[in-house]
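# Geometric and topological summary
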Amino acid sequence: MKRLLIIFFCIAVPAAVFAVGEKGRKLTMGEARQMAWIFDSIPGPYRGVMVSFHGLNNTKLRAAPSSEERMLAKKGYLIIHPYCGPWHWMNRQAREMVDEIVDAVYEEYGIPDSVPLVTMGGSMGGFCAILYPRYARRPVSACVANCPVTDIKYHFTERPDLPRTFRCAYWGYDNTFEESMTEHNPMDQVREIPDIPFFIMQTSGDRSVSKAHHSDRFVKAMRKSGHHGVVYKEIEGGKHCGPIPAEIQKEKRDFLLRVLKE
C-alpha cells in the first residue's frame with residue numbers, strides 16, 4: 001500500500017519585502033504602504049515617529065487606529081505598524097525592512113532627524129520593541145514594552161508551539177542556531193542595548209510569557225548594567241499582556257508624551 005508524504009514548508013521571508021525592487025534603491029512610500037500600516041491622517045508637523053510591533057502569529061491587516069493611537073497622533077506622533085511576518089522574531093531581514101520603512105517615512109514627510117523614534121509592542125512585539133534599538137539604523141529614543149519576551153533561549157522551551165517559530169525565523173544564517181539565538185536574545189544583548197528610557201509592564205498571572213523568567217530578570221540585568229532609565233510596572237494577577245490598570249495606562253501615555261520634542 002502506497003503512502004503519501006506531505007511536507008509543509010515554512011518560509012521566514014515577508015512576502016511584501018519583494019516589493020522593494022533592486023537592492024540598494026530607496027523604498028518608495030507606495031512600497032512602504034504595502035509593507036506597513038502608516039497612520040498619518042492627522043496632519044503634521046510630526047513631533048515623534050512610533051514603530052508599533054505586532055505579536056506572534058498576527059497576520060491581520062490594520063484598518064483603523066485605536067483610541068490611544070488617535071490620541072498620540074493628535075499630540076504629534078506618526079505611527080508605523082510594520083508587517084514583518086508572523087514568526088519573524090526581529091530577524092535580520094525584518095530589521096532591514098523596518099529600517100527602510102522608517103527612512104522612507106522620515107524622507108517623505110520631511111521629518112528632521114532630531115524628531116524622536118519610539119518603539120512599542122506586546123509579547124513578541126515587546127521583544128521587537130526592545131531588540132530593534134540594539135540594531136536600528138536610526139537611533140531609537142525610547143521604548144514601551146508590555147509582557148515582552150526577553151529571553152528567547154528560555155522561551156524556546158516555554159511552550160511546545162515556539163521552537164518551530166525560532167527555527168523558521170533564523171533559518172539560513174551563516175552561523176550556528178545557538179549563535180543566531182544569542183544575536184537576537186535581549187538577555188544576551190543587555191550591554192549593547194542603548195541606554196534610553198524604557199517603560200516595561202508585566203502581569204504576574206501571565207502563563208504565556210513568564211514574568212519571573214522574562215521581565216523580572218531583564219529589568220534587573222538592565223539596571224545592573226547601568227541602564228538608568230528603566231521604568232518597570234509590575235501588575236498583580238491578570239493574564240497575557242493585561243489587563244493594564246488605568247493608572248498604569250496613564251503613566252505609559254505620559255511617558256510617551258514626554259519623549260516628544262517641544
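Note that the coordinates shown come from a computational prediction; the quantities given were computed from them, not determined experimentally. Each chain has its residues counted from 1, running along the sequence as written. In view of the model being predicted, local features appear only for residues whose pLDDT reaches at least 70, and side-chain atom pairs are presented and counted only at 80 or more, with totals across whole chains, interfaces and linings using the full set of residues. To obtain the side-chain values, all non-hydrogen atoms of the structure were used and water was disregarded.

This brings us to helix 8 (residues 215-224). Along an α-helix, residues three or four positions apart point the same way, because every turn accommodates 3.6 residues. For the exposure calls, accessible area comes from a 1.4 Å probe over protein chains only, and a residue counts as buried if that area is under 20% of its type's maximum, exposed if over 50%, partly exposed in between. Numbering of helices and strands runs from the N terminus; a helix is a DSSP stretch of H or I covering at least four residues, while a strand is a stretch of E covering at least two. For helix 8, every residue scored as buried is listed here: Ser215, Phe218, Val219 and Met222. In an axial view of helix 8, the angular spread of the buried residues amounts to 95°, which keeps them on one side of the axis. Of the exposed residues in helix 8, the ones pointing more than 90 degrees away from its buried face are Lys220 and Lys224. Working rule for contacts: check all heavy atoms of both residues, and any pair within 4.5 Å makes them a contact. In this structure, the buried residues of helix 8 make contact with helix 4 (124-135), strand 6 (198-203) and strand 7 (230-235). Count one or two residues on from helix 8 and you reach Gly226, which has phi positive near 105°. The directions from the helix axis to the C-beta atoms are what the arc is built from.

Looking at the secondary structure, you find Glu183 in helix 7 (residues 177-183). The exposure class assigned to Glu183 is buried, which follows from its relative accessible area of 14%. Here the side chain of Glu183 touches Arg95 through a polar contact of 3.1 Å, side chain to side chain. With near-sequence residues (within four places) excluded, Glu183 lies in contact with Arg92, Arg95, Leu131, Tyr135, Tyr173, Asn175 and Gln189. What qualifies as a polar contact is a pair of N or O atoms within 3.5 Å, subject to a donor-acceptor requirement within protein and to the restriction that residues adjacent in sequence count only when both atoms come from side chains.

With that settled, consider the nonpolar core. Residues Trp89, Met90, Phe127, Tyr170, Phe198 and Ile200 are the most contacted members of the largest nonpolar core, which totals 58 residues. Looking at this core, the element that brings in the most residues is helix 3 (residues 92-108), giving 8 residues. Core analysis: the second largest hydrophobic core is formed by 21 residues, Ala73, Val118, Phe255 and Leu260 among them. Each nonpolar core is a collection of buried residues, namely Ala, Val, Leu, Ile, Met, Phe, Trp, Tyr and Cys, held together in the definition by side-chain atoms within 4.5 Å.

Glancing now at the pattern of salt bridges. A side-chain nitrogen of Lys or Arg and a carboxyl oxygen of Asp or Glu constitute a salt bridge if their distance falls within 4 Å. Following the criterion strictly, the structure yields 20 salt bridges and no others. For Lys252, the salt bridge is made with Glu68, and the minimal N-O distance between the two is 3.0 Å. In this pair, Lys252 sits in helix 9 (residues 246-259) while Glu68 sits in helix 2 (residues 67-74), placing the two residues 184 residues apart along the sequence. Residue classification places Glu68 among the buried positions, given a relative accessible area of 16%. A salt bridge links Arg137 to Glu100, with the shortest nitrogen-to-oxygen separation between them at 3.1 Å. Residue Arg137 is found in the loop between helix 4 and strand 5 (142-146), and its partner Glu100 is found in helix 3; the two are separated by 37 residues along the sequence. On the basis of relative accessible area, Arg137 is assigned to the partly exposed category, the value being 46%. Taken together, the salt bridges that share partners define one network made up of Glu100, Asp103, Asp113, Arg137 and Arg138.

The next subject is the side chain of His227. Residue placement: His227 occurs in the loop between helix 8 and strand 7. For His227, a relative accessible area of 5% puts it in the buried group. A distance of 2.8 Å separates the side chain of His227 from the backbone oxygen of Ile193, its partner in a polar contact. The residues touching His227, leaving out its near neighbours within four places in the chain, are Val190, Ile193, Pro194, Asp195 and Met222.

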